[in-house]
Amino acid sequence: MTTERVRARVFGEVADEYDRIRPGYPAELVKDILTYARLAEAPALEVGAGTGKATVLFAARGVTLTAVEPDPAMAAVLEQRVAGLPQVTITVSSFEDHVPDQPFGLLFSAQAWHWTDPAVRWEKAAAALAPGGALALFWNFHHLKDPDAAAGVLAAHQRYAPHITPDTHPVEDTWLATSWPQVELEARSEFGDLSARLYRSERTLSGADYVAYLSTQSAYLILDDTTRADLFAALKDLLGEQVTLSVDTALHLARRTG
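The following paragraphs examine the structure supplied in this document. (Residues numbered from 1 in each chain as written. Predicted model: local features only at pLDDT ≥ 70, side-chain atom pairs only at ≥ 80, totals over all residues. Heavy atoms only, no water.)

1. Notes on empty space enclosed by the protein
Take a probe with the size of a water molecule and roll it over the atoms, and the empty space left behind shows itself.
Argument step 1. Tallied over the entire structure, the rule returns 1 cavity of 30 Å³ or more.
Argument step 2. As for the largest cavity, its lining consists of His143, Leu144, Ala150, Val153, Pro166, Asp167, Thr168 and Tyr210.
Argument step 3. Sorting the residues of the lining of the largest cavity by element identifies β5 (129-144) and α7 (147-160) as the ones contributing at least two each.
Argument step 4. Residue classes in the lining of the largest cavity are distributed as 5 nonpolar, 2 polar and 1 charged. (1 Å grid on protein atoms, 1.4 Å probe; cavity = no way out; pocket = protein on both sides within 12 Å on 5 of 7 lines; lining within 4 Å. Points joined across faces, edges and corners; volume = space filled by probe spheres on them. Helix = DSSP H or I, 4+ residues; strand = E, 2+ residues; numbered from the N terminus. Nonpolar A, V, L, I, M, F, W, Y, C, P; charged D, E, K, R; others polar.)

2. Some thoughts on the side chain of glutamine 111
Argument step 1. Position of glutamine 111 relative to the elements: it lies in the loop between β4 (104-110) and α6 (121-128).
Argument step 2. Of the polar contacts made by the side chain of glutamine 111, one reaches the side chain of tyrosine 25; its length is 3.4 Å.
Argument step 3. A distance of 2.7 Å separates the side chain of glutamine 111 from the backbone nitrogen of asparagine 140, its partner in a polar contact.
Argument step 4. Beyond its immediate stretch of four places on either side in the chain, glutamine 111 contacts Arg22, Tyr25, Phe138, Trp139 and Asn140. (Polar contact = N/O pair within 3.5 Å; in protein donor to acceptor, adjacent residues only side chain to side chain. Contact = heavy atoms within 4.5 Å.)

3. A look at α6
Residues spaced three or four apart along an α-helix point in a common direction, a consequence of the helix completing one turn every 3.6 residues.
Argument step 1. Taken as a whole, α6 has its buried residues at Arg121, Trp122, Ala125, Ala126 and Ala128. Down the axis of α6, the buried side of the element spans an arc of 165°, and every buried residue falls inside it. (Buried < 20%, exposed > 50% of the residue type's maximum accessible area, 1.4 Å probe, protein only. Arc of directions from axis to C-beta.)

4. Notes on the side chain of glutamine 217
Argument step 1. Looking at where glutamine 217 falls in the secondary structure, it is placed in the loop between α10 (207-214) and α11 (218-221).
Argument step 2. Of the residues examined, glutamine 217 reaches a relative accessible area of 19% and is grouped as buried.
Argument step 3. Not counting chain neighbours up to four residues away, the residues in contact with glutamine 217 comprise Phe11, Arg22 and His142.

Have a look at this one:
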């Protein structure tokens, strides 16, 4: 098992905190995906549903969906979040092992597609979609808005965990067209009608909650206890009572050919 596959399974250790502190996704993004997908009554498949940050947004728009989540602890929180939403079916499975029982009009993945197996993910996605079905992959990126705070956070990482480099600059529109997964999608004959979009927002957190947010990310979860404690103590010391994050949400859209 590779290091990346191990990292893909650590989030259940902090499932409740993940659900509390991770941001959701812009309403405009959900609207744009559904406009692009033209679902009508077709169902959707969510890959790596986590605790349901994106699941509930699509279900609230009337989408019938199957939410696939490999971690039982994350799926347990997801089940609580979607209680009372009968249009959501939860499957505790990896995407690689899941066998869809019907074609889907939309496959979407929030903050999770990079954890899927690169050897099979595109073929699996194409097989799950009906011809003309939509693929929507999206992620939140963040950086501290205050450049002095960002510099201090970067210095603390360089001292205690130099292999982790926090984002310090906004995502650029031009980067979307030349980065993963866009470049891989362009090479896949199963997909066409590609586009990429960026949504910008801000989020204010206490200094303690900013550190809690970091604590739900795999790069920090796999640190040894002493290193993580030293880094987080340094971050709490240098950050004020509040920090403002600039959040860039990147969306990649594609359509199943054939």
